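Each chain, letter by letter, is given below.
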Amino acid sequence: MSFLAFAFIIISLVTFVAAQLILKRAMEFSTPNGVRNSYFLSRVAIGVALMTVSFFLTLGLLQRFDLSYLYPFQGLSIIFITILAAVVLKEKLSARLGIGALLITAGIVLVSMS
Amino acid sequence: MQNRPSGFGNPWLQLGLSVACVFVSELLLKRGATDVAAPDSAFSWTGINGLASPLVWWAILLIIASFISWLYVLRYIPLSVAYPLSRVVDIVVPLGCWIFLGELISALRWCGIALVVIGLALVAKPIAQMEERL
């Protein structure tokens, strides 16, 4: 696999995870503040734009690789969420999360070698 | 979780529908992308040329449908239960690739997929609990 392909896989995952977090924040903000404000609308617009970027990058990758090759990489999104939760929300990582993340990473390495 | 509707409104049925929509949409996206693949053009890295395939449009409709069912599921089932169950797609998608797309999956790739699935099973519940707090 080329460096370019790997970069696109990572970008499509990161944009997807970022979109999820931004949309989640926007929905929480809308509960007390309503939806007719520029903060909410701009966040939703950014979230939708990021998801669109992720979708099209995936479509470009699917033209080049097996689905059974690309699909396991989605497991990495879980690791990005774990890291974000630890960094942004100062969550403590449990042993269970750490072992799970290691297994996912090992699995991805095997798939990329296949 | 009280007053759970039955019939088509049953949230467990909707969870199953959501997973089925994701599964079918992934296979349609792969088929559609292969049909119009232009790996020699740099522009095709953007994936926008994929819109030329009708299968891709069907897949987009299914993604929207799965999203609506998923939002409905979240009204009735806690994320820490629904999310780990939804990861069953990580098992059915590779199986679908093998059965319906005829992809040859080597022993090495099967082992990698298995490790990812076991890892996801370990982290799915703590992650969902984290998300509920996010």
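Here, every reference points to the structure presented above.
Residues numbered from 1 in each chain as written. Chains lettered and ligands numbered in written order. Predicted model: local features only at pLDDT ≥ 70, side-chain atom pairs only at ≥ 80, totals over all residues. Heavy atoms only, no water.

Trainee: A description of the pattern of salt bridges should follow, citing residues and the corresponding values.
Mentor: Scanning the entire structure with this criterion turns up two salt bridges over all chains. Note that Asp66(A) and Arg109(B) form a salt bridge whose closest N and O atoms lie 3.3 Å from each other. On the criterion of chain membership, the pair formed by Asp66(A) in the loop between α2 (38-62) and α3 (67-70) and Arg109(B) in helix α5 (residues 107-133) is interchain, its members lying in two chains. The class for Asp66(A) is partly exposed, based on a relative accessible area of 28%. Its salt-bridge partner being Asp90(B), residue Arg87(B) comes within 2.9 Å of it at the nearest N-O pair. (Salt bridge = Lys/Arg side-chain N within 4 Å of Asp/Glu carboxyl O. Helix = DSSP H or I, 4+ residues; strand = E, 2+ residues; numbered from the N terminus. Buried < 20%, exposed > 50% of the residue type's maximum accessible area, 1.4 Å probe, protein only.)

Trainee: Can you break down empty space enclosed by the protein residue by residue, with the values?
Mentor: Taken as a whole and judged by the stated rule, the model has one cavity of 30 Å³ or more. Counted as a void, the largest cavity has a volume near 40 Å³. In terms of residue class, the lining of the largest cavity is built from five nonpolar, no polar and one charged. (1 Å grid on protein atoms, 1.4 Å probe; cavity = no way out; pocket = protein on both sides within 12 Å on 5 of 7 lines; lining within 4 Å. Points joined across faces, edges and corners; volume = space filled by probe spheres on them. Nonpolar A, V, L, I, M, F, W, Y, C, P; charged D, E, K, R; others polar.)

Trainee: Tell me about the packing of aromatic side chains, and please be specific about residues and values.
Mentor: Throughout the structure, instances matching the rule amount to eight aromatic pairs over all chains. Each ring, one from Tyr69(A) and one from Phe73(A), has its centre 5.8 Å from the other, and the planes form 55°; the classification is tilted. Relative to Tyr76(B), the ring of Tyr72(B) has its centre 5.1 Å away and its plane inclined at 55°; by these criteria the two rings are tilted. Of this pair, Tyr72(B) and Tyr76(B) both sit in helix α2 (residues 54-76), four residues apart, which is roughly one turn of that helix. Each residue in the set Phe65(A), Tyr69(A) and Phe73(A) is aromatic and connected to the rest through ring pairs, giving one cluster. (Phe/Tyr/Trp six-rings, centres within 6.5 Å; stacked < 30°, edge-to-face > 60°.)

Interpretation in functional terms is not warranted from these geometric data alone.
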